[in-house]
Amino acid sequence: MSVGDELVLAVELKPDLPQDVMNVLFHINNLSLGDPNYRLETVPKHAFFEKFWDHYFNGWNAYFNGTSFISFRKKDVNEYHLTLRIVVRNGSSYIAGFLHWLAPYVVPDGFAGYTRTDVAEDIICHIHFSDNHAYYHELDLRKEIPKKTIIKLTREDGRWSIDKYK
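Residues numbered from 1 in each chain as written. Predicted model: local features only at pLDDT ≥ 70, side-chain atom pairs only at ≥ 80, totals over all residues. Heavy atoms only, no water.

Visitor: Quick question: what am I supposed to make of the overall build of the chain here?
Guide: Assigned secondary structure in the chain consists of two helices and eight strands. Reading the chain from its N end, one meets helices and strands in the order β-α-β-β-α-β-β-β-β-β. Across the chain, the fraction of contacts at a sequence separation of at least 24, relative to all contacts at a separation of at least 6, is 55%. A total accessible area of about 9500 Å² is found for the chain, and carbon and sulfur atoms account for 49% of it. (Helix = DSSP H or I, 4+ residues; strand = E, 2+ residues; numbered from the N terminus. Contact = heavy atoms within 4.5 Å. Areas by Shrake-Rupley, 256 points an atom, 1.4 Å probe, with all protein chains shown as cover.)

Visitor: How do you make sense of the pattern of salt bridges when you look at a structure like this?
Guide: Side-chain pairing between opposite charges can occur once the charged atoms of the two side chains come close. For the structure shown, the criterion picks out three salt bridges. With its nearest N and O atoms 2.5 Å apart, the salt bridge here joins Arg 85 to Glu 6. Separated by 79 residues along the polypeptide, Arg 85 in strand E3 (residues 79-89) and Glu 6 in strand E1 (residues 4-13) bring together distant segments of the chain. A relative accessible area of 10% means that Arg 85 is categorised as buried. Through salt bridges with shared partners, one network takes in Glu 6, Arg 85 and Arg 116. (Salt bridge = Lys/Arg side-chain N within 4 Å of Asp/Glu carboxyl O. Buried < 20%, exposed > 50% of the residue type's maximum accessible area, 1.4 Å probe, protein only.)

Visitor: Is there a simple way to think about the pairing of E3 in this case?
Guide: In the case of a regular strand, side chains alternate between the two sheet surfaces. Inspection of the sheet shows E1 paired to E3 by ten bridges, in the antiparallel sense. Bridge pairing in E3 links Asp 5 to Val 88. Taken together, the seven bridges between strand E2 (residues 69-76) and E3 define a ladder with antiparallel strand orientation. Note that in E3 the partner of Ile 70 across the bridge is Leu 84. (Pairing = 2+ DSSP bridges.)

Visitor: Is there a simple way to think about the nonpolar core in this case?
Guide: If you look at soluble globular proteins, the nonpolar side chains tend to sit buried side by side. Formed by 38 residues in total, the largest nonpolar core has its most connected members in Leu 9, Leu 13, Leu 82, Phe 98, Leu 99 and Phe 129. For this core, the secondary structure elements donating two or more residues are E1, helix H1 (19-32), E2, E3, helix H2 (92-102), strand E5 (123-130), strand E6 (133-140) and strand E7 (147-156). (Core = buried A, V, L, I, M, F, W, Y, C linked by side-chain atoms within 4.5 Å.)

Visitor: How should the packing of aromatic side chains be read in this particular structure?
Guide: Remark: the centre distance and the inter-plane angle together describe each pair of aromatic rings, the angle taken between the planes. The tally for this structure, following the rule as stated, stands at nine aromatic pairs. Considering the side-chain rings of Phe 98 and Trp 101, the 6.0 Å spacing of their centres and the 40° angle between planes classify their relative orientation as tilted. With a gap of three residues between them, Phe 98 and Trp 101 both fall in helix H2, about one helical turn apart. Classification of Phe 98 as buried rests on a relative accessible area of 2%. Ring pairs connect the aromatic residues Phe 48, Phe 49, Trp 53, Phe 98, Trp 101 and Tyr 105, which therefore count as one cluster. (Phe/Tyr/Trp six-rings, centres within 6.5 Å; stacked < 30°, edge-to-face > 60°.)

Visitor: Which parts of the structure should I look at to understand the pairing of strand E4 (residues 111-117)?
Guide: Of the strand pairs in this sheet, E1 and E4 are connected by five bridges, and their pairing is antiparallel. Residue pairing in the sheet places Asp 5 in a bridge with Thr 117 of E4. Hairpin connection from E4 to E5: five residues lie between these consecutive antiparallel strands.

This is the structure:
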């Protein structure tokens, strides 16, 4: 059985957003709209973009109710917002990679979203951004008193890993 991993995220992006980051976000936004004509010439230098990265944003969802979507919008002069809900088959490492890449461009503002899996419904990871890093605040609801673990997303030995803080 395959695992379905869901990412729900809503963030404001920093005003000095580099053009290559905007290009990637416009690209995944257009993929979610089914626009086959939009092509991305180059991708940023980051491990997330090493292989098959863009097909995770195609809007397919068989694991959770509802619809996948992506919205990358310019709200005001130099004010960009990214809102998305995607579901990726066996995608926890791809989601971690995306958040790791995105972290330096996010305006930190507390809770930014969550990720969950269909095989561990009682464990939810709240997403926070701080100091140009992405963090999971893992909530284990199987306990009478829920347990919280703070996890920093990192990359070691070519794999996405988690560093538990507390």
